[in-house]
Amino acid sequence: MLKIEQVKEAHDNIKCYAKYTPILYSEAAAKDFGFKLMLKAENFQTTNSFKIRGASNCILKELESSKGLKGVVTASSGNHGQAVAYVAYRLRIPAIIVMPETAPEAKIKAVSRWGAKIEFCGTTSQQRLNRSKQIAEQEGYFEIPPYDHYNVIAGQGTIGKEILEQVPDVEAVFIPIGGGGLISGIATYIKNIKPQVKVIGGEPEESNSMSVSIRKGEIVRLDKTDSIADGLLSLEPGSMTFPLVKKFVDDIETVSELEISSAMIACIEYFKTVPEPSGAVSVAAAIKSDWRKGKKIVSLVSGGNIDMNRLYHLTCV
Ligand SMILES: *Cc1c(COP(=O)(O)O)cnc(C)c1O
């Protein structure tokens, strides 16, 4: 299991790559919602999502233990792929990002910006994962998983340390769940330091593999997932993240697509900040949760990478 020392060490490790992001507060939101809602703004993070924390920690730890890296590879084309490309660029090591043949122009641009090589492969995540493994073996590159690795989880956990420093009297934190790396790192840290703070997850209704698995008591793989929250579409929890969520997370709230887009509007209207749909799931979860009443809450806005055309369509409902 993950130890909080690993999270503390990660915080030190990554400070040249990841920013210490601000907490946003809106008195108007507190008045209208009836609870003190604060946002931890990882949409302002390097490459505009928290993924830089886990990616940089994982790559730096590997560099330390292997004395040099030939290159890094990952099958994720979203925020994790961008973060891996950025860290490789800063360290001047080659990176290959495996993307679907159907990848949108914006994602191709965001990764190419940092000099990473893109390899297009099939349309399913299984095809890409296989190809990424093959590259790792053939080229001797190090593969960086998006969530199921303790050095990645420890990196994401550094957000928990910052939240407790920035809001020492916080009563509950809300965190979006995809594969579960983000919430398991944060929950491990917070529950070890301040167990009275509630750690609550947020998942889209049609992409709720963690809620289903927790209810069943074992990892359940869904046949399909569907949501505007494109960072939360994993079919199943990770084998390392699931036990941590089971042990440390108090509750998981599921939210509808309409609740996600309404939460995006709330972020823009009250906090003057732009989240991507995945990043607003924690805000949607806090707004509907029974845990919120009269409480001091931090919702994690996990990322802000959204195409402006999509933003227009999602918020004009
Ligand atoms: C990856 C991602 C998540 C989910 O993180 P997991 O570690 O997979 O649970 C949430 N929000 C954004 C913006 C992401 O990129």
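Reading guide: rules and limits
Residues numbered from 1 in each chain as written. Predicted model: local features only at pLDDT ≥ 70, side-chain atom pairs only at ≥ 80, totals over all residues. Heavy atoms only, no water. Phe/Tyr/Trp six-rings, centres within 6.5 Å; stacked < 30°, edge-to-face > 60°. Helix = DSSP H or I, 4+ residues; strand = E, 2+ residues; numbered from the N terminus. Lys NZ or Arg CZ within 6 Å of the ring centre and 35° of its normal. Domains from an automatic or database assignment. Contact = heavy atoms within 4.5 Å. Buried area = accessible area lost by both parts, 1.4 Å probe. Salt bridge = Lys/Arg side-chain N within 4 Å of Asp/Glu carboxyl O. Polar contact = N/O pair within 3.5 Å; in protein donor to acceptor, adjacent residues only side chain to side chain. Buried < 20%, exposed > 50% of the residue type's maximum accessible area, 1.4 Å probe, protein only. Pairing = 2+ DSSP bridges.

Novice: Even after reading the chapter, I still don't get the packing of aromatic side chains, so can you show me in this structure?
Specialist: Aromatic rings considered in pairs are described by the distance between their centres and by the relative angle of their planes. Per the stated rule, a full pass over the model turns up five aromatic pairs. When the ring of Tyr86 is compared with that of Trp114, the centres are 4.9 Å apart and the planes differ by 85°; the resulting orientation is edge-to-face. With Tyr86 in helix α4 (residues 79-91) and Trp114 in the loop between α5 (105-112) and β5 (117-120), this pair connects stretches of sequence that are 28 residues apart. In textbook terms, an aromatic cluster arises when at least three aromatic residues are bridged by ring pairs, as seen for Phe33, Phe35 and Tyr270. The ring of Tyr17 carries Arg90 above its face, with NZ or CZ at 4.6 Å from the centroid.

Novice: Explanation requested: the domain arrangement of the protein chain in the structure shown.
Specialist: Domain boundaries in the protein chain define domain 1 (4-49 + 149-315) and domain 2 (51-143). Domain 1 and domain 2 are separated by 24 Å when their C-alpha centres are compared. Each partner contributes residues to the interface: domain 1 has 29 residues there, and domain 2 has 21 residues. Roughly 2,000 Å² of surface becomes buried between domain 1 and domain 2 when both sides are summed, with 50% attributable to carbon and sulfur atoms. When the area that domain 1 buries against domain 2 is broken down by residue, the three leading residues are Tyr17, Thr47 and Asn151, summing to 34%. The tally of links from domain 1 across to domain 2 stands at three salt bridges. With a shortest N-O distance of 2.9 Å, Glu162 and Arg53 are connected by a salt bridge. Counting the contacts that link domain 1 with domain 2 gives 12 residue pairs in polar contact (both at pLDDT 80 or more). Of all elements in the fold, only α1 (4-13) and α7 (150-166) reach the threshold of two or more residues within the side of domain 1 that touches domain 2. The leading source of residues in the side of domain 1 that touches domain 2 is α7, at eight residues.

Novice: Just checking my understanding: could you explain the pairing of strand β10 (residues 296-301) for this structure?
Specialist: Note on strand geometry: in a regular strand, side chains alternate between the two faces of the sheet. Of all the six residues making up β10, five are buried; the element is thus mostly covered by neighbouring parts of the structure. As paired strands, strand β2 (residues 36-41) and β10 are joined by six bridges and run parallel to one another. Paired with Ala41 across the bridge in β10 is Val301. Relative to β10, strand β7 (residues 172-176) is paired through three bridges, and the arrangement is parallel. Bridged to Ala172 within β10 is Ile297.

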